[in-house]
Amino acid sequence: MRIVIADDAVLLREGLVRLLTESGHQVVAAVGDGDALVEAVVEHRPDVSIVDVRMPPTHTDEGLRAAVEARRLVPRTPILVLSQYVEVSYADDLLATTGGAGGGIGYLLKDRVAAIDEFLDALRRVAAGGTVLDPEVVGQLFARRRRDEPLRELTPREREVLALMAEGRSNTAIARALVVSDGAVEKHVRNIFTKLTLPPDTEQHRRVLAVLTYLRS
């Protein structure tokens, strides 16, 4: 994959460059601020970009705002955001950029980088157009929000399936986690789409809409 990295922490940035290069990927740009990220995405059209939420000058949400701008200028460009902490509003803003346009989105805590295989797998899924959320992000979003009416229609098992969908897991991975058949998961997913009144569309788009309903409730 061709990858852009945006992180103002030099050690982490260079560590990611080395890790990805040794894993057979090409880092086409490694930058330290949001403006440079946007320029790199527009110039290189990477397969995926890895972006830190907090970057200069204020170290608040520059990275996220730059990621949103990059997706505006290069629609569907896949973005994997890394954050030191779970920041619910940032996760919401990032997910809102999916809309109907698709394009991979991920939000992981930086600690996940240490689990190299899992991190690289998440990166591949985002590059392929998937949605990957850190389990801690999902947990905190769920804990801090009340369930809205549509979710009350779901059975406990369907909520479990939707929670795992929110982590970016495929139907097969969900089946393994719940120790059920792939067919059972497919049935639960269809029921979720029906109960959330999601119109027929591409499977990936409906999954994103279902996850957004779950996270915003």
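Okay, so let's go over this structure. Everything quoted here is computed from the prediction, not taken from an experiment. (Residues numbered from 1 in each chain as written. Predicted model: local features only at pLDDT ≥ 70, side-chain atom pairs only at ≥ 80, totals over all residues. Heavy atoms only, no water.)

Picture the strands of a sheet paired through backbone hydrogen bonds; they go either parallel or antiparallel. Overall, parallel pairing links the six strands, which are arranged E2-E1-E3-E4-E5-E6 in an open sheet. This sheet does not close on itself; its edge strands, each paired only once, are strand E2 (26-31) and strand E6 (131-133). With direction set aside, neighbouring strand axes in the sheet form an average angle of 15°. Pairing of strand E1 (residues 2-6) with E2 involves five bridges; the strand directions are parallel. Directly across from Ile5, in E2, lies its bridge partner Ala30. Together, E1, E2 and strand E3 (48-52) form the strand contacts of helix H2 (residues 34-44), whose direction differs from that of E2 by roughly 150°. (Pairing = 2+ DSSP bridges. Helix = DSSP H or I, 4+ residues; strand = E, 2+ residues; numbered from the N terminus. Axes fitted to C-alpha atoms, helices over the stretch in contact; angles between N-to-C directions. Contact = heavy atoms within 4.5 Å.)

Now for the packing of helix H9 (residues 171-178) against helix H10 (residues 182-195). With their axes 8 Å apart at the nearest point, H9 and H10 run at an angle of 110° to one another. Judged on the interaxial angle alone, H10 and H9 are roughly perpendicular. Considering the relative orientation of H9 and H10, their crossing is right-handed. Side by side, H9 and H10 meet where Asn171, Thr172, Ile174 and Ala175 of the first sit next to Asp182, Val185, Glu186 and Val189 of the second. The class makeup of the residues in the contact of H9 with H10 is four nonpolar, two polar and two charged. (Parallel < 35°, antiparallel > 145°, perpendicular 65-115°, else oblique. Left-handed = near helix turned anticlockwise from the far one by under 90°. Nonpolar A, V, L, I, M, F, W, Y, C, P; charged D, E, K, R; others polar.)

A few words now on the nonpolar core. Residues Leu37, Leu162, Met165, Ile192 and Ala210 are the most contacted members of the largest nonpolar core, which totals 44 residues. Tallying contributions element by element places helix H8 (residues 156-166) first for this core, with six residues. Aside from chain neighbours lying at most four places away, what touches Ala210 is Leu162, Met165, Ile192, Phe193, Leu196 and Leu198. By size, the runner-up hydrophobic cluster in this structure holds 18 residues, among which are Ile5, Val48, Ile50 and Val113. (Core = buried A, V, L, I, M, F, W, Y, C linked by side-chain atoms within 4.5 Å. Buried < 20%, exposed > 50% of the residue type's maximum accessible area, 1.4 Å probe, protein only.)

The next thing to look at is the environment of Ser170. Considering the arrangement of structural elements, one finds Ser170 in the loop between H8 and H9. Looking at Ser170, the relative accessible area reads 41%, which means it is partly exposed. Linking Ser170 and Gly130, residues 40 residues apart in sequence, is a C-alpha distance of 9.3 Å.

Topologically, Leu133 is positioned in strand E6. Accessibility expressed as a relative area gives 2% for Leu133, which makes it buried. Sequence separation of Leu133 and Leu109 is 24 residues, and the distance between their C-alpha atoms is 9.1 Å.

In this section: the pattern of salt bridges. Per the counting criterion, the structure on display carries ten salt bridges. A salt bridge links Asp61 to Arg65, with the nearest nitrogen and oxygen atoms 2.9 Å apart. You can call Arg65 partly exposed: its relative accessible area is 48%. The partner of Lys195 in a salt bridge is Glu158, with the nearest N and O atoms 2.9 Å apart. Taken as a pair, Lys195 in helix H10 and Glu158 in helix H8 lie far apart in primary sequence, 37 residues in all. The class for Lys195 is partly exposed, based on a relative accessible area of 30%. (Salt bridge = Lys/Arg side-chain N within 4 Å of Asp/Glu carboxyl O.)

Taken by themselves, the reported measurements are silent on function.
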